[in-house]
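Now for the letters of each chain:
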Amino acid sequence: MSRSVDVAIVGGGIAGAALATVLAREGHEVLVLERQTSYRDKVRGEALCCWGVAEMVALDLEKPLLHAGGHYVTRLVPYDETLEPAQAEAAAIPLDRLLPGVPGVLDVGHPEACEALARAAADAGATVLRGVGDVEVTPGRRPLLTYELDDVVTTVSAGLVVGADGRSSTVRRQLGIALQQSTPTTLAGGLLVDGLDAWPADDMTLGTEGDRQFFVFPRAGGRVRLYLLHDVAQRGRFAGPDREAAFLDAFRLRCLPDPGMFEAARPAGTCAFYPMNDSWTDGPPCAPGVVLIGDAAGWNDPIIGQGLSIALRDVRMVADVVRAGPERSTTAFAPYVEERRERMRRLRVAAEVATALSATFTPAGAARRAAYNAVFRTDPVLGGPRLAPQLGPDDLPAEAFSAENVARILAMR
């Protein structure tokens, strides 16, 4: 069998389904190929930071994500071992005032978001196929895509092929694009819980106490995604049949106003850990007629939670190339390639600083964190790496992401 489409997208997750929705709404014939028949919980990719919300609004994707259970969080309370709970609450960051027209950070379940965007793409006229088997891509002026579904092999001629097939991207591998990866120094794990009604639904937090960093991302109705991060040398710390109970017990933290509230939490999903690192391509994440987006093009260390925001910025920039005309050469994608390279570099710096400040589990690390937190809001260069995860990496001083500024932060005590 054979067919022809304007755009073929390999991968129907957040990035792929979002791009399909945007392009199908504009009248393009779009084909989406997704390996999974149902979306699984990846225990990450569930917080859309403020600059990512701005991207979502610009793409007109807010409605499906809110219908998927998306919930806006309006305050970031920096609970931490260096502060008393009352001090942390007094230092809360108003997330609904950081960027014009952005009501806060959007927390949404990853499987639910994928399902909602895939449905939105289909409603807009895209063809969304699930349970797809092997996919082969041949780049060129008019790239070819061959896929297997229900024992039938189909060849597609496309104006553009988009690889949105995640960290282990088969499209990236077939293009021969190599990823560089940093060495993980930490592991992070998540657990979705119900019954945490005592936690304020408008407040998120991230902080450090002892030998662990913690994150709390609430949704509505007492459902909360909890994360813990610890040194990679402690691999297996929360393994075994009692891992959920041990995970929840680790939230009995002195720096929280009511650590006893976690006794009411009931696991509502799997508890899984994964390494925290960055990846990037030294060359462009594209070939003639083919471009990579989202994690397929390289990812940022999840310690600063940028995955969804990165994906939506990728979607907007690639959609702009499609709108500009039929040219699909690597030259056409040069603005996307250059913007993404600098964007990801700045976010790597932000993740490096976040790791040094919050995941250095020593007295010296706590002292550095306290010293930095006391001054970062008054110095836009010093504060740039801390502000970038919410404000975005664009509109901050370039010197904030320099080696000299990082050294200045690391030297603080």
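Our structure is the block above this text.
Residues numbered from 1 in each chain as written. Predicted model: local features only at pLDDT ≥ 70, side-chain atom pairs only at ≥ 80, totals over all residues. Heavy atoms only, no water.

J.: Could you give an account of helix H2 (residues 50–58), naming the residues involved and the relevant values?
T.: Considered for burial, the residues of H2 that qualify are Cys 50, Trp 51, Gly 52, Val 53, Glu 55 and Met 56. Where H2 terminates, the next one or two residues include Asp 60, which has phi positive at roughly 60°. (Buried < 20%, exposed > 50% of the residue type's maximum accessible area, 1.4 Å probe, protein only. Helix = DSSP H or I, 4+ residues; strand = E, 2+ residues; numbered from the N terminus.)

J.: With reference to specific residues and values, describe empty space enclosed by the protein.
T.: Empty space left among the atoms is revealed by rolling a probe the size of a water molecule over them. Across all of its chains, the model carries 2 cavities of 30 Å³ or more by this definition. Estimates place the volume of the largest cavity at around 60 Å³. In this structure, the largest cavity is lined by Ile 14, Leu 48, Leu 65, Val 108, Ala 113, Leu 117, Leu 308 and Leu 312. Secondary-structure elements contributing two or more residues to the lining of the largest cavity are helix H5 (110–123) and helix H8 (307–324). Looking at the lining of the largest cavity residue by residue, the classes come out as 8 nonpolar, no polar and no charged. If you add up the space inside the second largest cavity, you get close to 30 Å³. (1 Å grid on protein atoms, 1.4 Å probe; cavity = no way out; pocket = protein on both sides within 12 Å on 5 of 7 lines; lining within 4 Å. Points joined across faces, edges and corners; volume = space filled by probe spheres on them. Nonpolar A, V, L, I, M, F, W, Y, C, P; charged D, E, K, R; others polar.)

J.: Just give me the short version of unusual backbone geometry, but keep the residues and values in it.
T.: The phi torsion at Asp 60 lies on the positive side, around 60°, for a residue other than glycine. Considering the arrangement of structural elements, one finds Asp 60 in the loop between H2 and helix H3 (62–67). Despite not being glycine, Asp 150 has its phi angle at roughly 55°, a positive value. Its place among the elements puts Asp 150 in the loop between strand S10 (144–149) and strand S11 (152–163).

J.: Any details on the packing of helix H9 (residues 334–358) against helix H12 (residues 403–410)? Residues and values, ideally.
T.: One way to put it is that H9 packs onto H12 with a least axis distance of 10 Å and a crossing angle of 10°. When the axes of H9 and H12 are compared, the pair comes out roughly parallel. Side by side, H9 and H12 meet where Val 349, Glu 352, Val 353, Ala 356 and Leu 357 of the first sit next to Val 406, Ile 409 and Leu 410 of the second. Residues of the contact of H9 with H12, tallied by class, amount to 7 nonpolar, no polar and 1 charged. (Axes fitted to C-alpha atoms, helices over the stretch in contact; angles between N-to-C directions. Parallel < 35°, antiparallel > 145°, perpendicular 65-115°, else oblique. Contact = heavy atoms within 4.5 Å.)

J.: Could you give an account of the pairing of strand S14 (residues 203–209), with specific residues and numbers?
T.: Burial analysis of S14 places 6 of its 7 residues in the buried class, the great majority of the element. Sheet topology note: the strand S5 (residues 75–77)/S14 ladder contains 3 bridges and is parallel. Residue Arg 75 lies in a different strand from S14, and its bridge partner there is Asp 203. Relative to strand S15 (residues 212–218), S14 runs antiparallel, the two sharing 5 bridges. Bridge pairing in S15 links Glu 209 to Arg 212. What sits between the antiparallel neighbours S14 and S15 is a turn of 2 residues, in which Gly 210 has the positive phi angle 65°. (Pairing = 2+ DSSP bridges.)

J.: An account of the packing of aromatic side chains is needed here, citing residue identities and associated values.
T.: Taken as a whole and assessed by the stated rule, the structure comprises 11 aromatic pairs. Between Trp 199 and Phe 262 the ring centres are 6.4 Å apart and the planes differ by 50°, which places this aromatic pair in the tilted class. Here Trp 199 is found in the loop between strand S13 (186–194) and S14, whereas its partner Phe 262 is found in the loop between helix H7 (243–249) and strand S17 (266–267), with 63 residues between them in sequence. When sorted by exposure, Trp 199 lands in the same class as Phe 262, which is buried. Ring centres of Tyr 372 and Phe 376 lie 5.5 Å apart, and the angle between their planes is 10°; this geometry places the pair in the stacked category. Given a relative accessible area of 3%, Phe 376 falls into the buried group. Here the aromatic cluster, defined as three or more aromatic residues joined through ring pairs, consists of Tyr 79, Trp 199, Phe 238, Phe 247, Phe 251, Phe 262 and Phe 273. The ring of Tyr 274 has Arg 44 sitting right over it, with the charged end atom 4.8 Å from the ring centre. Between the NZ or CZ atom of Arg 348 and the centre of the ring of Trp 280, over which it lies, the distance is 4.5 Å. (Phe/Tyr/Trp six-rings, centres within 6.5 Å; stacked < 30°, edge-to-face > 60°. Lys NZ or Arg CZ within 6 Å of the ring centre and 35° of its normal.)

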